[in-house]
Structures are given as C-alpha cells and as structure tokens.
There are 4 protein chains.
Amino acid sequence: MATAAVLGASGYLGGELLRVLSSHPEIEVTQAVSKSHAGARLRDVAPQLDRFGDLVLTANAEGVDTDLAFLAQPAGEAMTTVPALLERGVRVIDLGADYRLKDPEAYALAYGRPHEDVDHLAEAVYGLPELFRDEIRGARLVANPGCYPTATLLALAPLVRHHEVVGTVVVDAKSGTSGAGATPTPSSHHAEAAGTVLPYGTPTHRHVPEMTSILARLGPGPTPLVFVPHLVPLVRGLLCSIYATPRPGGDAAGWTEILQDAYRSSPFVSVGPVPRLPWASGTNRCYLAVQSAGGVPVVFSALDNLGKGGATQAVQNANILLGLDERTGLRASGFGI
Amino acid sequence: MATAAVLGASGYLGGELLRVLSSHPEIEVTQAVSKSHAGARLRDVAPQLDRFGDLVLTANAEGVDTDLAFLAQPAGEAMTTVPALLERGVRVIDLGADYRLKDPEAYALAYGRPHEDVDHLAEAVYGLPELFRDEIRGARLVANPGCYPTATLLALAPLVRHHEVVGTVVVDAKSGTSGAGATPTPSSHHAEAAGTVLPYGTPTHRHVPEMTSILARLGPGPTPLVFVPHLVPLVRGLLCSIYATPRPGGDAAGWTEILQDAYRSSPFVSVGPVPRLPWASGTNRCYLAVQSAGGVPVVFSALDNLGKGGATQAVQNANILLGLDERTGLRASGFGI
Amino acid sequence: MATAAVLGASGYLGGELLRVLSSHPEIEVTQAVSKSHAGARLRDVAPQLDRFGDLVLTANAEGVDTDLAFLAQPAGEAMTTVPALLERGVRVIDLGADYRLKDPEAYALAYGRPHEDVDHLAEAVYGLPELFRDEIRGARLVANPGCYPTATLLALAPLVRHHEVVGTVVVDAKSGTSGAGATPTPSSHHAEAAGTVLPYGTPTHRHVPEMTSILARLGPGPTPLVFVPHLVPLVRGLLCSIYATPRPGGDAAGWTEILQDAYRSSPFVSVGPVPRLPWASGTNRCYLAVQSAGGVPVVFSALDNLGKGGATQAVQNANILLGLDERTGLRASGFGI
Amino acid sequence: MATAAVLGASGYLGGELLRVLSSHPEIEVTQAVSKSHAGARLRDVAPQLDRFGDLVLTANAEGVDTDLAFLAQPAGEAMTTVPALLERGVRVIDLGADYRLKDPEAYALAYGRPHEDVDHLAEAVYGLPELFRDEIRGARLVANPGCYPTATLLALAPLVRHHEVVGTVVVDAKSGTSGAGATPTPSSHHAEAAGTVLPYGTPTHRHVPEMTSILARLGPGPTPLVFVPHLVPLVRGLLCSIYATPRPGGDAAGWTEILQDAYRSSPFVSVGPVPRLPWASGTNRCYLAVQSAGGVPVVFSALDNLGKGGATQAVQNANILLGLDERTGLRASGFGI
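Not measured: the values here are computed from a predicted model. (Residues numbered from 1 in each chain as written. Chains lettered and ligands numbered in written order. Predicted model: local features only at pLDDT ≥ 70, side-chain atom pairs only at ≥ 80, totals over all residues. Heavy atoms only, no water.)

### Let's talk about the sheet that holds strand β9 (residues 198–199) of chain D
All names here are of chain D. Read across the open sheet, the seven strands follow the order β9-β10-β8-β11-β14-β13-β12; overall the sheet is mixed. Two strands close off the open sheet at either side, each with one partner strand: β9 and β12 (269–271). Bridging between strand β11 (residues 238–246) and strand β14 (residues 296–303) involves six bridges; their strand directions are antiparallel. Each bridged residue has a counterpart across the sheet, and for Ser241 the counterpart in β14 is Phe300. Its contacts with the sheet place helix α7 (residues 147–161) against β8 (165–175), β10 (225–231), β11, β12, β13 (286–293) and β14, and it is angled at close to 30 degrees to β11. (Pairing = 2+ DSSP bridges. Helix = DSSP H or I, 4+ residues; strand = E, 2+ residues; numbered from the N terminus. Contact = heavy atoms within 4.5 Å. Axes fitted to C-alpha atoms, helices over the stretch in contact; angles between N-to-C directions.)

Right, here's the structure in full:
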C-alpha cells in the first residue's frame with residue numbers, strides 16, 4: 001500500500017482525486033492539503049467523502065512525506081512546491097500546467113510569468129500514458145495533461161504519426177463548466193452559463209502550446225491548430241470536434257483503423273460510435289469516433305474533464321509509477337445517462 | 001410620454017426593466033444609473049439593449065429628474081436614495097425590500113440593520129396591483145413585491161379572504177437562479193447549481209414577514225407560513241407549490257372558482273391547468289392552478305421571477321401611477337417552450 | 001461467485017444495474033434479457049458497458065437459470081415472470097411495483113389491472129434494508145422499493161416509529177427525469193422538460209399506497225400523506241422536502257438525533273447538512289437533513305433515483321440475500337459536483 | 001390590417017409564430033390549422049396564447065382564405081398545400097424546406113422523395129431578407145430559410161461576396177433541442193439530451209445543399225462546407241462557430257468591417273462582441289462576431305432557432321411582402337439572461 005497526499009484538496013480536481021482514491025486498493029491518502037479549509041475535517045468540507053474518516057486538512061505542503069503527492073493547486077503554485085517534495089523523496093504528479101512545457105520561454109509566454117523551477121522542467125515527463133507510458137514508469141515528476149490536450153492529442157497523435165493530416169487542424173471544443181474550477185466568476189455564474197454556449201480563450205488558449213509541442217514531437221513537422229473552446233451548460237464532460245484535412249486518399253474508415261490499432265492495448269481509449277458524455281463521466285475513459293461529413297473525416301473525442309482529463313488520469317499515472325496494473329482502482333464503468 | 005430613470009441598470013432586474021421599457025409606448029427611459037459601469041454606454045454593457053442608442057450610465061441618483069424612477073439597487077440602498085427623489089418630485093417604484101414592511105422593527109429583524117428612512121415607510125404602498133390597485137393609483141412611493149411574495153400572495157390572498165384556509169400553510173418554492181442576482185457566489189456557481197436542487201433560506205427566509213404581514217391584513221387572523229425556497233437549475237421562473245388545509249368542505253373545485261372570481265378583471269393572472277414556466281417567461285403573467293392531491297387541494301403558482309416577480313410588475317405599477325391601461329407595454333405573450 | 005441475470009437490460013434501471021454489477025466482486029452477470037434489443041451484444045447497445053465482453057441480449061426469461069435475477073421490466077411484466085423463476089430456484093429481486101403491495105385490491109386500484117400472481121404476494125419481502133434487513137436475509141422474492149418511497153420512508157420511518165409526527169405529512173418531491181424511464185414522452189421531451197418544473201401525479205401518485213402501507217406497519221396508526229412529485233430539469237437525483245407537524249415539544253434537533261440513532265449501523269444513510277444531489281449520484285447513499293423553517297422541522301431526503309432509489313438498492317438487497325457484507329460492490333464515493 | 005393563417009399551429013414554429021403575431025399591429029391571425037388538435041380552442045392547447053380568444057384550430061388548409069398563410073407543417077406537406085393556396089390568392093410564407101432548393105433533383109436527393117410541386121419551385125423566393133430583400137417584396141411564395149442556413153449565410157455571404165474565403169469552410173453548429181421539433185424521439189428525450197453534446201447529421205445534413213446553393217449564387221465559385229450540427233442542452237438558441245481560411249492578408253478586423261458594412265441598413269443583424277444566446281431569444285436578431293484564434297479569423301453567429309431562424313424571420317418576410325417597415329411587431333429587445 002503506497003501512501004499519498006492530495007494538495008489542493010478542496011478544488012474540483014482535488015475532490016475528484018479523493019473520490020477516486022477513496023476506493024483505490026493500493027493507494028492510501030494519508031494527507032490532504034487545502035489552504036482555504038486548513039484545520040477542517042475533510043468529511044465536514046465534503047460530506048460525500050466520509051470514507052476518509054477523521055482526516056484533517058492541513059495548510060501547506062511542508063509536512064508532506066508520503067510516497068506520492070498529487071498536486072491540484074492553483075496555477076503557478078506547483079513550481080514552488082515541487083522542489084522540496086522531490087528532495088524529500090516524494091514522487092509528484094502535478095495536475096496543473098507548471099511542468100507541461102519543456103521550454104521556460106514558452107511557459108512565460110503562455111502563463112504570463114517566469115518559470116520558477118527551471119531545474120526540474122527537463123526531468124518532468126508528460127503524463128499522457130497512451131503516448132508516453134514507458135517514460136512515465138520511472139519518473140519522479142509527472143506533468144499530468146490538461147483536459148483539452150488529453151482529448152485532442154488522443155485523437156490526433158496517431159493520425160499525425162501516420163502523416164494522415166495536412167495543414168492546419170481545427171479543434172472546436174465543448175466543455176462543461178467544472179473545467180473552469182471552483183471559484184465563482186461571471187462567466188461561470190449559473191444564470192449566465194446555463195442559457196448559452198460561450199466561446200472563449202481567443203485569441204490563443206493557454207493549452208495550445210502544450211498541444212502543438214507534443215504534436216511536433218510525433219509528426220514530420222509542426223501541426224498548426226485553430227483551437228476554440230466553448231463552455232456548454234453541462235457540469236462534467238468535454239467533447240472535441242476535430243476537423244483536419246486528410247492526406248490524399250485518407251478517409252474516415254482508414255482513420256478509424258489507425259486509431260483502433262493505436263489503442264489496442266490501451267484499456268481506457270475506445271474507438272467506436274459517436275460517444276455520449278455520460279459514458280465517460282467519473283471514469284478514466286476517452287471515447288473516439290470518426291465520421292464522414294461533407295466528404296472529409298471528422299474526429300470526435302469525448303472524456304470527463306475531471307476524469308481522463310484530470311484526476312483519474314493522474315491515478316493512472318500513479319499506477320504506472322508504482323508498477324501496478326494501470327487499471328487499478330479505475331475499473332468503474334461509465335453511466336448510460 | 002413620461003420620462004423614467006432606472007437605478008441599478010446593470011443588475012438582472014435593472015436589465016429586465018430596460019428590456020421591457022425599450023418597447024413601452026408611453027415611458028421613455030432617459031437616465032440609467034449603475035455604480036459598477038458608470039461612464040459606459042448602456043449598449044456596450046448590454047448589446048441586446050441597443051434600442052437605447054447612446055444612453056450613458058451614470059454613477060448615482062443625484063442627477064435623476066425624471067417623472068418616474070425605478071430602483072433596482074442592492075438591498076439597503078433605496079432608503080438612502082428615496083428621500084431626495086421624492087423631494088425633487090420624482091415618483092418612485094422600488095423593486096427592493098426597503099419599503100415593503102410597514103414596521104421598522106420588523107425590517108431591522110429581517111434585514112439585520114436599522115431602517116434609515118422611517119419617515120416614508122407609512123406612505124409607501126405595497127405594489128401588488130391585483131390586491132392594492134386603488135392605493136397604487138395615487139402613490140408617490142411604491143414598494144414592488146419580491147418574486148416569492150408575489151407568487152404566494154396571488155395564490156393565497158383570495159383564499160385567506162374567504163376564510164378557506166385553516167392553520168399553517170406550507171409553501172415549497174422552486175426558483176431559477178436569476179433570483180439570486182448577478183453577483184457570482186458559490187451557491188450560484190454553475191458547476192454547483194446545475195446539478196442539484198438546493199433548499200435554502202432556513203430557518204427563516206427574509207420574505208416571510210412580507211408575506212405574513214400582507215396576509216394578516218386580508219384575513220381574519222394570522223396565517224402562519226412554513227416557507228422553504230429551493231434553487232432549481234433554471235435561469236428564469238418560479239413555481240410555488242402551496243399546501244394548505246382547507247376549511248371543512250373546502251375543495252379544489254371551490255378554490256378554483258374563488259381564484260377565478262378574484263382575478264376576473266386582472267389581465268395578468270390566469271387560473272387554469274398546471275402551468276409551465278415558459279408561459280410566464282419575460283411576461284407579467286402569473287398562472288395559478290388548483291389540483292387535488294391526497295384528497296386536499298394544492299395550489300400551484302408560476303411566474304417569471306424577473307417579470308411579474310420583479311420588473312414587469314414594476315412597469316404595471318408605473319402604468320397605474322400614470323393612469324395608463326395597466327397592460328401598456330406588457331402585451332407580449334409568453335413562450336410555449 | 002454468484003451468477004445473476006438482468007431482465008430489462010436496456011432500460012435505465014437495467015443499465016444502472018449492469019454498470020454497478022460490472023465491478024461487483026461476488027456477483028457475475030451471465031445473462032441479460034431485453035425484448036427490444038434481443039440478439040444484440042450488450043456492448044453494442046451500451047458501449048460504456050464493454051466490460052461484459054461479448055454478452056448477448058436475449059429475448060425473454062425462459063432461459064434464465066442464474067442464482068439471482070434482477071427484474072427491471074416494464075410495469076406488470078414481473079408478475080408473469082416471477083413464478084417460473086422461483087420454481088427454477090432463481091432468487092428474484094424485482095425493481096418494479098408488482099410485489100410491493102401486500103393487498104391485491106390495493107394493487108388493482110393503484111395500477112389499474114388485476115394482480116396475476118397473488119400466490120407470491122404474501123411471500124414477497126419489501127426490500128428497504130434499513131427497515132427490513134432481517135426479513136430480506138432469507139427471502140426468495142424481494143420487492144425493491146421505488147425511488148420516492150425509499151427517500152420518503154427513510155426520512156419518516158424513524159419519526160413515525162417514535163410517534164414524533166402528528167396528522168398529515170406533506171411530501172414535495174423533486175425528481176430528475178430519468179425516473180420517468182427511457183421511453184420518449186411529451187413530458188420528458190427535452191424542449192418541454194428542460195425549461196420548467198412540472199408537478200404531476202395528481203390526484204394520487206401510484207407510489208402513495210406503497211408509502212402509507214409501510215408507514216402503517218411502523219406507527220401507532222395511519223400517517224396520511226399529501227405527496228406531490230415534480231419533474232425538475234436534472235437527469236439523476238431526487239430530493240424530498242418533507243413537512244410534518246411535530247408532536248408537542250418535537251423539534252429539528254430531536255429529529256436529527258432520532259434519525260442518527262436509527263441509521264447508526266446503516267452505512268448508506270447519513271444524517272447531516274442539507275445535501276447536494278451529486279453526493280448520491282451513482283451511489284447507494286441517502287442523505288438526510290433536518291432544518292427548522294418557520295419554527296417547525298423540515299426533513300430533506302436526497303438520493304439517486306437510479307441508485308438507492310433503484311439499482312444499487314437492488315444490489316444491496318442481493319448482497320444481503322447472499323450473506324455478503326451489504327457494502328460489497330457499493331463502496332464508490334459520490335461526486336462533489 | 002392583413003389577415004393571416006398559421007398552418008402547423010401546434011408545433012414549435014407554429015407556436016412561436018402565433019406568439020409573435022399575437023402582438024403584431026398590422027397582421028391578424030384569423031385561422032389556425034392543426035391536424036393533431038383540430039377542433040380544440042387554441043387557448044386550451046396553448047394557454048399562454050389566450051390573446052387569441054376563442055379561435056378554434058381547424059383540420060386542414062381547405063378553408064384558408066386569408067391574405068397570408070404561414071406554413072409550419074411537417075416536411076413534405078407544404079408542396080401539397082401551396083398550389084391551392086396560391087390559386088386562391090393567398091400569399092405563402094413556407095417555414096419548411098419544400099421550396100428552398102431550386103433544383104428538384106437536389107430536393108429529391110436531400111429529402112429522399114420526389115418534389116410534388118415543381119411548377120412553383122422557380123417562382124419561390126428564398127426568404128433571407130438581408131440578402132434578397134428586393135426579390136421578397138413582390139413575391140407570392142417565400143421559402144423561409146432554416147435556422148442553420150440563416151446563421152451560416154448571414155455570416156458567410158458578405159465574406160464570400162468579397163472573395164475573402166479560400167477553400168472549404170468548417171461550420172460547427174450548436175443548437176438547442178427545440179430545433180428538432182415537438183415530436184418526442186430518443187435523441188431529444190430529456191434524460192438523453194440533457195447530459196451530453198450530440199453531434200449528428202453526418203455524413204451530410206439536409207441543410208447543406210441549401211447553404212451551398214445560396215453561396216454559389218453569391219461568390220466566384222463553389223464554397224464547399226463541412227457542416228456538423230451538435231445538439232446542446234439548451235431549449236432555444238443556436239451558435240455557429242465558423243472556420244474559414246482567409247485570402248492572403250485577410251484578418252479578423254477586415255472581416256468585422258465587411259460584415260458591419262453589409263448589415264448597416266439591416267436592423268436585425270449586429271456585428272460586435274462574442275454574443276450570448278439570450279440576447280437573441282424570442283427575437284429576430286442575429287449577432288455576429290469575428291475573433292482571431294490561432295492567427296486566423298473565426299466567425300460566431302448566434303440567433304434563436306425559433307426566431308430569426310424560423311418564426312420571426314417569417315414575420316419579417318411578411319412585413320416586407322405587405323410593404324410594412326420590416327421591424328413591425330418585431331421590436332422587442334432580447335434577454336440579458
């Protein structure tokens with residue numbers, strides 16, 4: 001049984017981590033950190049998490065001495081927390097953006113501040129197991145991808161690797177509002193968000209460099225992206241509709257086959273009919289489908305932004321780090337509705 | 001053509017007032033006040049209100065010299081604004097709670113602060129036209145009821161007047177989240193509000209004294225209320241399900257008749273089948289229905305919390321003040337869906 | 001490992017049963033029956049249930065020879081299916097209404113047709129484990145309660161047993177639309193249901209006799225109910241707001257204590273703060289809270305209508321039948337959002 | 001005052017027509033046809049439409065002798081209704097698809113049946129006033145565009161006319177479920193539709209030929225479309241996110257200017273900030289915005305699928321036919337929320 005700490009325990013990703021880990025047979029959460037609720041019992045803050053008994057939330061990472069730490073903190077905090085954790089021998093899975101870009105300049109450009117832990121950037125492994133399972137196995141520091149990059153890269157990576165895609169790719173993403181986090185804002189205010197579809201993130205969403213940098217590692221050259229996220233009136237769930245020009249002769253049937261081959265030994269990625277978001281809800285599943293529209297293949301990629309797009313993927317990474325079957329604690333089936 | 005000012009123009013009630021007044025044939029909005037957006041053009045803050053052309057939002061009520069002022073300000077501001085307006089000869093319709101209770105002690109108890117304009121409390125008329133049309137006609141200061149009291153009182157007032165109700169009445173209210181206002185809060189955060197039904201306002205909702213004080217004026221004695229509001233995942237709309245013990249012999253058919261009689265000359269109140277909320281959306285309509293459940297009559301009362309529960313009722317009051325047909329500018333039919 | 005069949009596998013309750021059983025360590029679903037999808041592979045009908053591999057849906061119950069059968073069929077079918085199953089030694093958990101009322105006259109009155117298996121009515125055990133755990137243990141035939149009775153009875157039973165409640169009780173229920181089943185109807189059409197709160201079931205909902213008959217077994221006399229269910233724009237989840245007159249001296253604190261005592265050894269029922277529906281989503285949990293409103297105690301009861309109000313409760317019953325810890329396969333924590 | 005008939009009065013478009021016409025100062029609805037509700041009073045079928053008094057629904061178009069007829073019938077019915085109406089001198093605005101394509105072969109291909117009124121195809125005018133106002137003025141038969149073509153064409157037409165767009169255009173559309181009509185289906189069942197985003201209409205949506213045929217009339221050559229509609233969990237409202245490759249040098253600022261110029265004298269089309277769907281709700285407004293994403297311009301087009309995408313646009317066409325100001329009866333401002 002490995003011990004684990006969850007930092008950022010009162011946010012949505014932190015809560016989802018705790019939910020999943022509450023029935024994980026090989027990982028025991030022994031510490032939980034929340035600045036905003038330090039001193040409270042976890043079960044008083046989150047009554048649905050009563051399986052953690054009398055676990056009390058602590059204020060900071062200083063006392064964390066577990067085998068693993070899951071970091072679900074606000075942007076920019078991980079890079080001040082990670083060095084000490086690694087020094088104490090704690091293996092880290094960071095659900096934030098701090099270690100996803102290798103290039104500190106790119107980080108500064110995307111996030112508007114300098115990177116404060118350049119030393120560990122090179123060491124960090126991009127935690128998308130279906131693409132980088134081998135690198136993750138021995139890592140001390142895993143940069144867990146964001147929800148949009150996970151959905152987009154699982155759809156595009158095999159196609160880019162096979163040189164199936166020509167020119168710019170359009171990714172039109174539709175996300176539930178939990179992806180925006182637990183802090184109330186005007187655009188996530190119910191009366192505003194419930195009655196519309198809100199495109200945002202223009203001119204450039206922060207996750208675009210994360211996606212293009214990974215695609216550049218896989219393909220013959222850069223894959224430019226036009227990425228437009230939209231908030232839709234759902235809580236959980238994310239659908240990317242991906243429009244790419246196929247190479248001459250490329251079609252939906254061929255793309256389906258390439259994706260099926262790519263994920264044959266990946267238990268969490270399915271390629272099949274047009275997905276419904278509840279299938280992925282609360283799970284580590286990503287559902288891909290290729291359909292033909294107007295004569296060109298369109299790829300749909302669906303997942304739970306808090307699941308495969310966040311917390312359950314972090315647990316999958318933890319399983320790999322620990323040498324466990326990557327499905328451990330992640331076998332629940334999704335909802336029909 | 002009367003001139004009007006809207007104070008609190010960037011809130012939800014203020015926006016709805018402006019929407020309705022934008023096509024009112026006898027009232028012209030010439031001033032709009034918004035602390036938070038002072039200096040901006042209204043149409044830049046609310047592009048859907050482009051019919052107001054280049055009207056600019058101003059910071060406070062000092063310059064207001066219109067025939068009428070609609071006050072849709074945060075709680076507690078009206079009582080500091082009203083005296084000067086009245087002195088300048090501006091007739092006031094206050095959509096907030098400051099002038100709804102006659103008794104300053106009751107106000108202090110419900111709202112947690114002393115009343116600052118006791119002088120005008122006695123003069124204020126409770127602006128529920130179906131009950132107090134005659135008093136409103138000559139008023140300088142109208143206290144426009146809240147959404148819950150409007151829905152509840154329109155259902156209960158005729159029954160209480162006819163001594164049809166015995167003992168405590170249970171009002172289980174379901175409201176869209178726009179009733180909570182435009183300021184983001186945890187309970188109105190989309191990811192929190194969209195997936196649940198949230199009872200709130202216990203032990204006592206602030207609107208209860210407003211309802212019981214009016215019922216006490218109408219009936220033979222006090223009518224105790226157990227009032228529990230619930231946020232439901234809707235933006236607009238409010239349904240009250242009202243459970244009252246009938247006098248011996250009282251039944252659903254009799255109550256339907258009493259309500260129909262009471263509102264025969266009230267064009268905005270209908271008594272008929274179980275209502276759908278869109279019927280009332282954006283309108284000044286209240287739909288009442290009486291059904292029998294478990295042998296006792298249950299009354300359903302539906303309206304738009306921003307409409308008959310707020311802005312359109314204020315316009316109805318304005319029409320009455322101005323001696324117009326009370327339907328002026330309020331003739332739009334509701335939605336089917 | 002016990003074997004199980006699910007009848008009605010393509011409905012919402014059937015799907016939820018299969019979802020939960022897909023990771024149950026002691027029950028293996030070896031047969032699944034669906035009239036409408038007979039001949040298809042389950043995973044083609046429900047791609048999220050791919051853990052069942054190549055299990056094929058069959059047309060009827062004739063071939064069912066498992067240890068257990070879960071019946072999630074349309075109303076009235078169970079009573080034609082059960083006799084043969086029992087004869088073949090299959091233990092039955094019926095999620096429908098056919099065996100919930102002991103009195104065939106009451107059944108005929110509520111459901112508008114005569115009961116066709118009166119022989120087994122007496123034998124059937126009402127499957128609300130928190131109240132009738134001992135009777136369930138040895139049963140061959142369990143009548144799993146409906147969602148509304150589960151939520152209502154868990155709240156009221158201890159209070160009625162302690163003579164805390166006087167006179168008629170009002171139950172105002174708010175339910176997600178999945179409770180209405182998978183068959184499209186006008187009132188569950190998205191464009192109709194998404195924008196309103198729909199009271200229905202008047203003058204008498206079919207579940208009322210189920211509730212009153214159980215309460216009559218527990219208390220000193222009949223407990224009349226005024227029960228009004230409302231569809232709210234949610235998929236899963238059910239909240240009952242329960243208004244009962246307390247005995248003289250009864251109050252919210254006392255009721256909280258009584259409920260906490262009653263469920264101290266029931267792992268799926270919690271008594272605490274006002275619940276959020278996602279806490280129960282996909283789980284077997286029921287969350288109770290007592291608040292004071294207008295001076296009287298109000299009880300809120302929340303659960304997932306497909307979970308504790310249906311499929312997971314059926315699995316809890318199965319666990320009890322099989323002599324397992326009743327939490328087996330039901331340990332997942334609920335969602336925060 | 002012109003007289004009008006509404007055929008298909010109990011559908012969603014028919015209901016919206018009646019709602020808007022109920023306060024139109026120059027058009028009086030004197031006849032309403034509904035196969036499914038023939039013989040009933042309109043106000044009993046749709047209580048929110050009580051302004052029509054005792055108007056009774058009739059079974060078919062035979063008795064229609066009004067100045068105008070609005071046809072909101074199921075697909076394929078208009079072409080059997082129109083000839084007789086025209087012969088009787090009734091001017092027709094068809095909200096369905098029967099007269100939108102000039103080429104009967106294209107019709108047969110898109111709708112899977114032969115066209116039955118080829119004689120009037122040539123005469124029919126495509127009722128998108130912002131593009132074809134002059135043609136509409138004198139028409140006897142107007143083919144009112146669908147919601148998707150209206151949103152797409154208003155965004156693209158000026159750009160195509162100015163040769164701003166190169167190659168294939170991707171239109172990712174998000175629509176509320178009312179666009180699917182009032183007939184319950186599995187994909188519009190609340191429990192299915194409320195929890196997901198559903199791409200549909202692949203491989204080719206029926207509205208694509210309507211869009212490409214109009215674009216071909218405007219531009220230098222064909223504009224191929226990849227059009228993918230998605231159902232989102234909203235009732236009303238439609239957002240198209242439009243991705244087109246600009247000509248060299250083309251950018252968001254230039255496109256904004258072109259669109260603003262194009263609609264300077266069109267009161268119902270605005271070009272400005274990213275729109276919110278409630279701004280258009282119940283109105284005849286279309287809100288366009290151009291944003292830069294990943295260096296290329298993206299156009300957003302928002303309207304109410306039942307409004308500018310259907311019923312209010314039909315009224316706009318009627319106004320033009322009748323020589324009225326096209327804004328008559330359509331001046332209501334949209335909602336803020």
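### Description of the environment of C:Leu218
Residue and element names in this part refer to chain C. Positionally, Leu218 belongs in helix α8 (residues 208–218). The class for Leu218 is buried, based on a relative accessible area of 15%. Here the alpha-carbon distance between Leu218 and Leu156, two residues 62 residues apart in the chain, equals 10.0 Å. Other than its neighbours up to four places away in sequence, Leu218 contacts Leu131, Ala157, Val160 and Arg161. (Buried < 20%, exposed > 50% of the residue type's maximum accessible area, 1.4 Å probe, protein only.)

### Quick look at unusual backbone geometry
All names here are of chain B. Of note in the backbone geometry, His163 takes a positive phi value of approximately 55 degrees without being a glycine. Along the chain, the position of His163 falls in the loop between α6 (147–161) and β8 (165–175). Judged by its relative accessible area of 47%, His163 falls in the partly exposed class.

### So, the interface of chain D and chain A
Counting residues at the interface gives 34 residues for chain D, matched by 34 residues for chain A. Buried area between chain D and chain A, summed over both chains or domains, comes out near 3000 Å², and the portion from carbon and sulfur atoms is 66%. A per-residue breakdown of the area chain D buries against chain A is headed by D:Val197, D:Tyr243 and D:Arg276, which together make up 17% of the total. Connecting chain D to chain A are four salt bridges. (Buried area = accessible area lost by both parts, 1.4 Å probe. Salt bridge = Lys/Arg side-chain N within 4 Å of Asp/Glu carboxyl O.)

### Topic: the relation of the copies chain D and chain C
Least-squares fitting of chain D to chain C yields an RMSD of 0.0 Å, with the superposition described by an axial translation of 0.0 Å and a rotation of 180 degrees. The symmetry that links the two subunits is that of a two-fold axis. No C-alpha of chain D lies nearer the rotation axis than that of D:His190, which sits 2.0 Å from it. Looking at chain D, 100% of its interface residues are interface residues in chain C too, so the copies touch through the same face. (Least-squares fit on C-alpha atoms with pLDDT ≥ 70 in both.)

### Some words on the sheet that holds strand β3 (residues 57–58) of chain C
All names here are of chain C. Spatially, seven strands are ordered β3-β2-β1-β4-β5-β7-β6 in an open sheet, and the strand pairing comes out parallel. Looking at the sheet topology across the chains shown, the edges are occupied by β3 and β6 (125–126). Pairing of strand β1 (residues 2–7) with strand β4 (residues 68–71), which is carried by four bridges, proceeds in the parallel orientation. Counted as the bridge partner of Leu7 is Leu71 from β4. Along the sheet face, helix α3 (residues 78–87) touches β1, β4, β5 (91–94) and β7 (141–143) and points at about 180 degrees away from the line of β4.

### Remarks on the relation of the copies chain D and chain A
Overlaying chain D on chain A yields an RMSD of 0.0 Å, the required transformation being a rotation through 180 degrees with an accompanying axial translation of 0.0 Å. A share of 100% of the interface residues of chain D reappears at the interface of chain A, consistent with the copies meeting face to face through the same patch.

### Section: the interface of chain D and chain C
Note on interface size: it is often stated as the accessible area lost on association of the parts. Taken together, the 20 residues of chain D in the interface contact 20 residues of chain C. Summed over both sides, the interface of chain D with chain C buries roughly 1400 Å², with 65% coming from carbon and sulfur. Of all residues in chain D, D:Pro184, D:His189 and D:His190 give up the largest surface area on contact with chain C, accounting jointly for 47% of the area buried on that side. Here chain D is connected to chain C by zero salt bridges. Joining chain D to chain C, the criterion identifies 10 residue pairs in polar contact (both at pLDDT 80 or more). (Polar contact = N/O pair within 3.5 Å; in protein donor to acceptor, adjacent residues only side chain to side chain.)

### Notes on helix α9 (residues 252–262) of chain B
Residues and elements named next belong to chain B. Listed as buried for α9 are Ala252, Trp255, Thr256, Ile258 and Leu259. Down the axis of α9, the smallest arc covering the buried residues is 165 degrees, so these residues share one side. Within α9, the exposed residues directed more than 90 degrees away from the buried face are Ala253 and Glu257. Next to the buried residues of α9 lie α6, β8, β11 (238–246), β12 (269–271), β13 (286–293) and β14 (296–303). (Arc of directions from axis to C-beta.)

### With respect to the pairing of strand β1 (residues 2–7) of chain D
Residue and element names in this part refer to chain D. The buried fraction of β1 amounts to five of the six residues, a majority that puts the element mostly inside the structure. One ladder, built from six bridges, connects β1 with strand β2 (residues 27–33); its direction is parallel. Within β2, the position partnered with Ala2 by the bridge is Ile27. A crossover connection joins β1 to the parallel β2 through helix α1 (residues 12–21); in handedness this β-α-β unit is right-handed. (Right-handed = clockwise from strand over helix to strand, strands pointing away.)

### What to know about the packing of helix α6 (residues 147–161) of chain A against helix α8 (residues 208–218) of chain A
Residue and element names in this part refer to chain A. Between α6 and α8, the least distance of the axes is 10 Å, while the angle of their chain directions is 20 degrees. The angle between α6 and α8 places the two elements in the roughly parallel class. Between α6 and α8 the crossing geometry is right-handed. Contacts between α6 and α8 involve Tyr148, Pro149, Thr152, Leu153, Leu156, Ala157, Val160 and Arg161 from the first element and Glu210, Met211, Ile214, Leu215 and Leu218 from the second. Partitioning the contact of α6 with α8 into residue classes produces 10 nonpolar, one polar and two charged. (Parallel < 35°, antiparallel > 145°, perpendicular 65-115°, else oblique. Left-handed = near helix turned anticlockwise from the far one by under 90°. Nonpolar A, V, L, I, M, F, W, Y, C, P; charged D, E, K, R; others polar.)

### Some words on the packing of aromatic side chains
This structure, assessed with the given rule, holds 18 aromatic pairs over all chains. Note on B:Phe335 and D:Phe335: the rings are 6.2 Å apart at their centroids and 90 degrees apart in plane angle, and the pair reads as edge-to-face. With B:Phe335 in the segment after α10 (311–321) and D:Phe335 in the segment after α11 (311–321), this residue pair bridges two chains. Pair check on accessibility: B:Phe335 and D:Phe335 agree, each one buried. Geometrically, the ring pair formed by C:Tyr107 and C:Tyr111 is stacked, given 4.9 Å between the ring centres and 25 degrees between the ring planes. Of this pair, C:Tyr107 and C:Tyr111 both sit in helix α4 (residues 104–111), four residues apart, which is roughly one turn of that helix. (Phe/Tyr/Trp six-rings, centres within 6.5 Å; stacked < 30°, edge-to-face > 60°.)

Just geometry here; none of it tells us what the structure is for.
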